[in-house]
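# Close look at the chain arrangement
This is what each chain is made of:
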Amino acid sequence: MKYRFTLLLISCISSYALAQTTADLQLLQQAVSAQQLRQTVEKLVSFGTRHTLSDTTGARRGIGAARRWAYQQFKSYSPRLQVSFDAFTVEPDGRRIPHKVEMKNVMAWLPGTDTGDRRVILITAHLDSRASDVMDATIDAPGANDDGSGCALVMEAARVLSQYEFPCSLLFVLFSGEEQGLYGSRHLAQKARQEGWEIVAVLNNDIVGNSYSSELGIRQNTRVRVFSEGIPAAADEQTVRLLRLLGYENESSSRQLARYMADIARKHIPHLEVRMVYRKDRFLRGGDHTPFNEAGFTAIRVCEENEDFTHQHQNVRTEKGIRYGDLPEFMDFDYLRKNTVLNVLTAAALAWAPAAPQNVSMSVSGLSNHTELRWQAPVAGPRPAYYRVLIRSTEAPQWEQHIDTKDTAIRLPYSKDHYLFAVQSVSEAGFAGLPVAPLPARE
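The paragraphs below set out a description of the structure included in this document. Only a predicted model underlies this, so the values are computations on that prediction, with no experimental measurement involved.

### Some details on the overall build of the protein
- Along the backbone of the protein there are ten helices and 19 strands.
- Relative to the compact-globule value of 22 Å for 443 residues, the protein shows a C-alpha radius of gyration of 22 Å, a close match.
- Judged by the C-alpha coordinates and their principal axes, the protein covers about 70 × 45 × 45 Å.
- By residue count, 56% of the 443 residues in the protein fall in the buried class.
- Computed over 50 positive and 50 negative side-chain charges, the inter-centroid distance for the protein is 2 Å.

Below, the structure written as structure tokens:
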């Protein structure tokens, strides 16, 4: 009876905290503006082309003018944003870089309020654009949806989130060189690894503002895809063997992040469903989250549910009555607003949550139909108010139930043969961090 009363009490605490969370996230959601997103996309298109190899000195056309404008926009949102160019040089590669070129990512840091909390959450997109010929740096390449939509999302997220304080840092990035070979993201991922960044999540947004499917004629703006890797790209051979032995092919940190985003949408964003796609990206394609996965970081790609290929990687033209080209008139800005809200709420919830529990383990010292889990408190950042133990059957894509506890150990009446488990740190206000799956521990 005492055990049942404790669970009931914790359930009541959790319900009260959820009400606070809903109120905070609702304010953030209301601040995101479809009109502001449209204006940003139209301004980016006005630079004519943002091709990586285009003009860098002109005031009105080319990648240089676009990134200088983006820099100033970030600066205007809040004095707390630390805005910079992340410059690097790329040598000729024999493929899409014909000559030595200096590239610049545009970055805006929102520093955390807790100097001991070194966690960082990234919201990213790519600034460069292209037309039919990926090497044509002079022709118009408006790039409204690919990836003006992602850039507008990142900038709107920076505008909204910079009005709030978080214990950890947020980083908003517009990458260069994506269309030429993921150069900007690869540079930053390598830099983050070398400098030991404690990245919680990379939310990469590429092609997120169209709701129409070419060829199929499908039009709907209530679904968005989140791509996430299964077996981590950075895992060594021994780790891969262990994950397969445990049946953890679907339990990577990136896959946990995708589930987290799906839960955010389900609870807080009307008429938006996250479709978890069990691939690191679209079939045989890639994006700026990939170098972060390869560097061992938790990263996903957000992408529209339906793609319109008549307005993607196309010269602006009209043929047989069909208007081609990546132009703002073919975008759905209400849909882009919802996808922006998804990023904003995910980043805010993660930033307000405590750091993940450490050394989450599962006892395997003997046969049992119970499951015993243990973990340790995070070593930095805000202390968790309690922990949430998540449970789902092995065939279920989403977590099905949870138990909250203030202890760092729990004995569950669920067999490890049939269920999967994870543990989250939760704040007093009810903000939960990313789930951590347990590893076996013999005692």
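Further notes follow.
### Notes on empty space enclosed by the protein
- Within this structure, the stated rule accounts for one cavity of 30 Å³ or more.
- Reported here for the largest cavity is a volume of approximately 50 Å³.
- Around the largest cavity, the lining residues are Asn145, Asn210, Asp308, His311, Gln312, Asp326, Leu327, Phe330 and Met331.
- Of the residues contributing to the lining of the largest cavity, the split by class is three nonpolar, four polar and two charged.

### As for the packing of aromatic side chains
- All told, the structure shown has eleven aromatic pairs when counted by the stated rule.
- Residues Phe47 and Trp69 carry aromatic rings whose centres are separated by 6.3 Å and whose planes lie at 50° to one another, so their mutual orientation is tilted. Here Phe47 is found in the loop between helix 2 (34-45) and helix 3 (63-77), whereas its partner Trp69 is found in helix 3, with 22 residues between them in sequence. As far as the burial class goes, Phe47 and Trp69 line up, both buried.
- Pairing Phe74 with Tyr77 gives two aromatic rings, centres 6.2 Å apart and planes at 90°, and the pair type is edge-to-face.

### Some words on the pairing of strand 13 (residues 358-363)
- Pairing geometry for strand 13 and strand 14 (residues 371-376), over three bridges, is antiparallel. Bridge pairing in strand 14 links Met362 to Leu373.
- When strand 13 meets strand 19 (residues 439-441), the two strands line up parallel, connected through three bridges. From the neighbouring strand, Ser363 faces strand 19, where its bridge partner is Ala441.

### Section: the sheet that holds strand 16 (residues 401-405)
- Strand order across the open sheet formed by three strands is 16-15-18, with antiparallel pairing between neighbours. The strands lining the two open edges of the sheet, one partner per strand, are strand 16 and strand 18 (419-426). In this sheet, adjacent strand axes meet at a mean angle of 20° when their direction is disregarded.
- Note that strand 15 (residues 386-393) and strand 16 share five bridges and pair antiparallel. The residue of strand 16 that forms the bridge with Arg388 is Asp404.

### Section: the state of the cysteines
- Scanning the model with the defined rule gives zero disulfides in all.
- For Cys151, which is in no disulfide, the shortest distance to another cysteine sulfur is to Cys303 and amounts to 14 Å.

### A closer look at the nonpolar core
- Judged by nonpolar contacts, the single largest core of 76 residues is most densely connected at Leu28, Phe74, Ile123, Leu161, Phe172, Leu174 and Leu342.
- Residue contributions to this core peak at 13 residues, all from helix 10 (residues 333-352).
- Apart from residues lying up to four places away in sequence, Leu28 is in contact with Val160, Leu161, Tyr164, Val344, Leu345, Ala348 and Trp352.
- Listed in part, the 17 residues of the second largest apolar core include Met362, Trp375, Leu412 and Phe421.

### Structural notes on the environment of Val224
- By the element assignment, Val224 lies in strand 8 (residues 223-228).
- Assessed through its relative accessible area of 0%, Val224 is described here as buried.
- Val224 sits 15 residues away from Gly209 along the chain, and the two C-alpha atoms are 10.0 Å apart.
- Val224 has contacts with Leu272, Glu273, Val274, Arg275, Val302, Cys303, Glu304, Glu305, Tyr335, Asn339 and Leu342, leaving out every residue within four places of it along the chain.

### Some points on the sheet that holds strand 13
- A sheet is described by the order of its strands in space; here four strands give the open sequence 17-14-13-19, paired in mixed fashion. What marks the edges here is a single partner per strand, and that holds for strand 17 (409-412) and strand 19. Across the sheet, the mean angle from the axis of one strand to that of its neighbour is 30°, orientation sign disregarded.

### Notes on helix 2
- With twelve residues, helix 2 extends 17 Å from end C-alpha to end C-alpha; this agrees with the ideal 16 Å at 1.5 Å per step.
- Listed in full, the buried residues belonging to helix 2 are Ala34, Leu37, Thr40, Val41, Leu44 and Val45. Axial view of helix 2: buried residues confined to an arc of 135°, hence all on one face.
- Turning to helix 2, the residues buried within the fold contact helix 3, helix 4 (148-161) and helix 10.
- For helix 2, the side-chain oxygen to backbone nitrogen distance between the N-cap and Gln35 is 3.3 Å, and the N-cap itself is Ser33.

### Looking at the environment of Arg118
- With respect to the helices and strands, Arg118 occurs in the loop between strand 2 (101-110) and strand 3 (119-126).
- Among the residues examined, Arg118 registers a relative accessible area of 47% and is labelled partly exposed.
- Arg118 sits 52 residues away from Ala66 along the chain, and the two C-alpha atoms are 31 Å apart.
- Polar side-chain contacts of Arg118 include one of 2.7 Å to the side chain of Glu198.

### Concerning the packing of helix 2 against helix 4
- Interhelical geometry of helix 2 versus helix 4 gives an angle of 130° and a closest axis separation of 9 Å. Taken together, the axes of helix 2 and helix 4 lie oblique to each other. Judged by the twist between their axes, the crossing of helix 2 over helix 4 is right-handed. Along its contact with helix 2, which presents Gln36, Leu37, Thr40, Val41 and Leu44, the element helix 4 presents Gly148, Ser149, Cys151, Ala152, Leu153, Met155, Glu156 and Arg159.
- Each residue belonging to the contact of helix 2 with helix 4 can be placed in one class, and the counts come to seven nonpolar, four polar and two charged.

Reading the values: the criteria
- Along each chain, residue indices are assigned from 1 in the same order as the chain's sequence is written.
- Only residues with pLDDT of 70 or above have their local features reported here, since the model is predicted, and side-chain atom pairs are shown and tallied only from 80 upward, although totals for entire chains, interfaces and linings are computed over all residues.
- Computation of side-chain values: all heavy atoms of the structure, hydrogens and water removed.
- Note on conventions: DSSP H or I runs of at least 4 residues are helices, E runs of at least 2 residues are strands, and numbering of each starts at the N terminus.
- C-alpha atoms define the radius of gyration in this analysis, and the globule rule sets the expected value at 2.2 Å times the number of residues to the power 0.38.
- Relative accessible area decides the class of each residue, using a 1.4 Å probe on protein chains only: under 20% of the type maximum gives buried, over 50% gives exposed, and in between gives partly exposed.
- Charge assignment: positive for Lys and Arg, negative for Asp and Glu; neither His nor the chain ends contribute.
- Where a charge sits is defined by one atom per residue type, namely NZ (Lys), CZ (Arg), CG (Asp) or CD (Glu).
- Residues are said to line a cavity or pocket when one of their atoms sits within 4 Å of a point; the points come from a 1 Å grid over protein atoms alone, cavities being sets where a 1.4 Å probe fits but cannot get out and pockets being open sets with protein on both sides within 12 Å along at least five of seven lines.
- Grid points are joined across faces, edges and corners, and a volume is the space filled by probe spheres set on the points.
- All residues other than Ala, Val, Leu, Ile, Met, Phe, Trp, Tyr, Cys, Pro, Asp, Glu, Lys and Arg, Gly among them, are scored as polar; the first ten of these are nonpolar and the last four charged.
- Pairing of aromatic rings covers Phe, Tyr and Trp, the last counted by its six-membered ring, and requires centre-to-centre distances within 6.5 Å; plane angles under 30 degrees mean stacked, over 60 mean edge-to-face, and any other angle means tilted.
- Two strands are counted as paired when DSSP detects at least two bridges linking them.
- Simply put, an axis is a line fit to the C-alpha atoms, just over the touching stretch for a helix, and the angle between two N-to-C directions goes from 0 to 180 degrees.
- Only a pair of cysteine sulfur atoms within 2.5 Å qualifies as a disulfide here.
- Put simply, a nonpolar core is a bunch of buried Ala, Val, Leu, Ile, Met, Phe, Trp, Tyr and Cys residues held in one set by side-chain atoms that sit within 4.5 Å of each other.
- Only heavy atoms matter for contacts: two residues are in contact if any of them lie within 4.5 Å across the pair.
- Every helix has an expected span of 1.5 Å times one less than the residues it contains.
- Each direction from the helix axis to a C-beta atom contributes to the arc, which is the arc of those directions.
- Identification of polar contacts relies on pairs of N or O atoms within 3.5 Å, with a donor-acceptor requirement for protein atoms, meaning one able to donate a hydrogen and the other able to accept it, and with residues adjacent in sequence counted only if both atoms are side-chain atoms.
- Roughly parallel means an angle under 35 degrees; roughly antiparallel means over 145; roughly perpendicular covers 65 to 115; every other angle is labelled oblique.
- Each crossing is labelled by how the near helix is turned from the far one, with a counterclockwise turn of less than a right angle marking it left-handed and a clockwise turn marking it right-handed.

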